[in-house]
There are 2 protein chains.
Amino acid sequence: MTEHVHTYAGNPLERGEALRRDEDHIRRLQQSAEARFLPFLNLKVAVNETDLDWQDRKILEQPNSQVIFLGMDESESPLFAVHLQTPPENQEFADCRLLASQLSLPNTGILAQARAQLDWHQRNPFCAQCGGVTHSERGGQIRRCQQCEKHIFPRTDGVAIMLIVDEVGGDRCLLGKGHGRMARANFYSCLAGFIDQGESLEEAVRREVWEEAGIRVGPVQYHSSQPWPFPSQLMIGCHGIALHKDINFDPVEMSHVDWFSRSEVNRALAGDHPTLNVPGPMAIAHHLIRTWADGEIEL
Amino acid sequence: MTEHVHTYAGNPLERGEALRRDEDHIRRLQQSAEARFLPFLNLKVAVNETDLDWQDRKILEQPNSQVIFLGMDESESPLFAVHLQTPPENQEFADCRLLASQLSLPNTGILAQARAQLDWHQRNPFCAQCGGVTHSERGGQIRRCQQCEKHIFPRTDGVAIMLIVDEVGGDRCLLGKGHGRMARANFYSCLAGFIDQGESLEEAVRREVWEEAGIRVGPVQYHSSQPWPFPSQLMIGCHGIALHKDINFDPVEMSHVDWFSRSEVNRALAGDHPTLNVPGPMAIAHHLIRTWADGEIEL
C-alpha cells in the first residue's frame, strides 16, 4: 500500500532523544552560532513573504516565555522555536493553518511540531496531580513539577476520522455537516471523534459513526494518519462499510448527515459542485474521500 | 483483512454520549435499582472468584472518592465504576493485569475503560492551565476547572509498537530487551514508544526504531490496535521492513536488541524455547510477532 504523507507530517528533523538527556548540551547548542530560531507570537509563526522566517540567536534578546529544542536539521544545525511575548518591529506573523498550503511538506512538519509543543507548554504551567508549578526540561520535551517532581509528557489526542461507504463495493459515502459557519457554507466532511479510554481504533470508528449518524459499521480499514497541531491531535484515518443505510443523526453534534454519490463527491473534490463543499487537500478527510471516489482503494 | 480484537478491547457497553448531557439523568440512573457498580480499591478491581464482582447501589454507602458512569449494558442496565477509599469487609480485589487472562473479552474491555477512567480522575484533581480545583462532570466523561471553567478531557496516549523484519520476505525480526526484571528473564519484545507531537504513526515507527535500534525503516503497515489501561495507552501495532541489518542500539533504553529467526520466535511463542521469552497472547506484541511468524501476513 502506498503511504500517504499528509500536510503537517514529513518533518525531517532528528529530534535528538539521546541529546536531550544532557541539559548542558542543549544549552550549548542554543548558544551556538549555527542555532536557528523560529519565533512565534500568540501561536502565529514568523514569516518572510510566505516562508518560515528562521532567525539567529539575537532573537533571544526579545522578551520570550519559552524556548524549545526542535532537533537537528540535515546540515547538523540545531533548530529551536521561541514563544515571544511582544511583537518585534517589522516582523510579520502568520496563522499556522492558513500558511501551511504555502510551505513545503517538510516545513509543514516542522511547523506542526513547533506549534503543538509551544502551545502545550503554554497550557501546562501547573501540575494536574498536585497543583504545583511546572518547568520545562530536556529542551522542552517534558515538564517537571517543582512540588511533587512528577514528569509531565506532551499530550497528543488520537482522533478517529472515517469515510463510511453504504455497502461492499457501494457507490455512496457518508458525510456530515456541523453547525455554525460550516453549515452556512454547506461544508460536508468525514465524521470524526476522539478515541476514548479503553477502546481500539476500530471500536472508536464504530462508536463515533453510531453516535453521530445512527449507522452501524462493519469492517474498518486503516488508511493513513495526519498530525493536526490545533492544538495537538493525531488524526487516524479509516474507511468502513455500513451495515445498513437508514441514518439517524445526532442534531446536537451535526446539522445534517447524508449519503453522497461518487459522482457528486468527485465534482465537489474538484471544486466543481454547485452547492456541495468538501475539505481541501490539506486535510486527511480530503484523501479519505478521494482515494475511495477515484477507485484508488476498494472497499 | 481480519480485524484483531485484543485483550482490553471488545467493550460492549453503549457509552451514552447523548445521555451524559443531562446530569440529572445520570444521577437518576445511578440511584435506580437496575444500576450495577464495579468497585475498585487502589486501582484493583473487586472480584468474586475470578470474575468481576458487580454490586448493587448499596456499595455507595462505602466511603468513595469517585463514581463514574461506564454506559448501558445489553439489558439496558446502567453500569458504574466506584473508587472506594477503604476496603469493605470480606471483599477481594485483584490486579487488573493479572486478572485479564481470566475474563471474557467483553469484560476485559469494560475493565480497561473503568480502570483507565478512574485512574485519570485520581491523577487530575487540579487544572494544568490555572492550578484551580477540578470536578467531574457528565458522569465522569470530563472534568471542569472550578476556577477558569476549562473542560478537561481524559487523556489517551498513542504508542507505536512495531515488528520490523530484516528485508522484504525476510526470515528475521527485530526484538529488544529492556533493563531490569525483563532483562533478567531474557524477555524480548517488539520495540515501542509514544507518538510525538507533530508526527504521523508511520513517522513515529521509524523514529522509535532509529532511536532504540539504530535501524532505518522503509515501508510501514498498520496491523491492529489495543487499549492498554496502565494507565491509558492506545497501542497502535505496525509491521515494517528494515532498510539495512546492522544494529546500533541505545544502551540507555535497551539492554540488547537483535534479529531473531522465524523458527526461534515460533518456538518462543509456543513457550518451547530454552532461553528466549516473548510476550503472551494478552499483549498486541505477541500478535504482531505471531502473524508474521506463522505467515498470516506477508511483508
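J.: Residue-level account of the interface of chain B and chain A, with values.
T.: Contacts between the two partners involve 55 residues from chain B and, on the opposite side, 54 residues from chain A. Taken together, both faces of the contact between chain B and chain A bury some 4400 Å²; the carbon and sulfur share is 43%. Its largest share of buried area at the contact with chain A, chain B owes to R15(B), R155(B) and Q197(B), together 17% of the area lost on that side. Between chain B and chain A we count ten salt bridges in total. Measuring nitrogen to oxygen at the nearest pair gives 2.7 Å for the salt bridge that ties R21(B) to D250(A). On inspection of chain B and its partner chain A, the count reaches 32 residue pairs in polar contact (both at pLDDT 80 or more).

J.: Describe the sheet that holds strand β9 (residues 151–152) of chain B, listing the residues and the values that go with them.
T.: Residue and element names in this part refer to chain B. In spatial order, the strands read β7-β8-β9; together these three strands make up an open sheet with antiparallel pairing. This sheet does not close on itself; its edge strands, each paired only once, are β7 (134–137) and β9. Looking at chain direction, β7 and strand β8 (residues 142–145) are connected through four bridges and run antiparallel. Within the sheet, the bridge partner assigned to T134 lies in β8 and is C145. The strands touched by helix α3 (residues 105–122) are β7, β8 and β9; relative to β8, the strand with the most contacts, the crossing angle is about 10 degrees.

J.: Which residues make up the sheet that holds strand β9 (residues 151–152) of chain A, and what values go with them?
T.: Pairing between the strands of a sheet is mediated by backbone hydrogen bonds and can be parallel or antiparallel. Residue and element names in this part refer to chain A. Ordered by their spatial adjacency, three strands build an open sheet running β7-β8-β9, and the pairing between neighbours is antiparallel. Each edge of the open sheet is held by one strand with a lone partner, namely β7 (134–137) and β9. Together, β7, β8 (142–145) and β9 form the strand contacts of helix α3 (residues 105–122), whose direction differs from that of β8 by roughly 10 degrees.

About the criteria used
Residue indices begin from 1 for each chain and proceed along its sequence in written order. Key to labels: chains lettered from A, ligands numbered from 1, both in the order written. At least 70 in pLDDT is required for a residue's local features to be given in this predicted model, at least 80 for side-chain atom pairs to be given and counted, and no such filter applies to totals for whole chains, interfaces and linings, which use all residues. The basis for every side-chain value is the complete set of non-hydrogen atoms in the structure, without hydrogens or water. Throughout, a contact is declared for two residues whenever any of their heavy atoms are within 4.5 Å. Buried area: the accessible area, evaluated with a 1.4 Å probe, that two parts lose upon being put together, summed over both parts. Salt bridges are identified by distance alone: a Lys or Arg side-chain nitrogen within 4 Å of an Asp or Glu carboxyl oxygen. The term polar contact refers here to a pair of N or O atoms within 3.5 Å; inside protein, the definition further demands a hydrogen-donor-capable atom paired with an acceptor-capable atom, and it admits residues adjacent in sequence only when both atoms are side-chain atoms. At least two DSSP bridges between two strands are needed for those strands to be called paired. Runs of E in the DSSP output that reach at least two residues are strands. Runs of H or I that reach at least four are helices, and both are numbered from the N terminus. To get an axis, a line is fitted to the C-alpha atoms, and for a helix only the part in contact is used. The angle between two axes follows their N-to-C directions and goes from 0 to 180 degrees.

In short, the description is geometric, and any link to function would need to be established separately.
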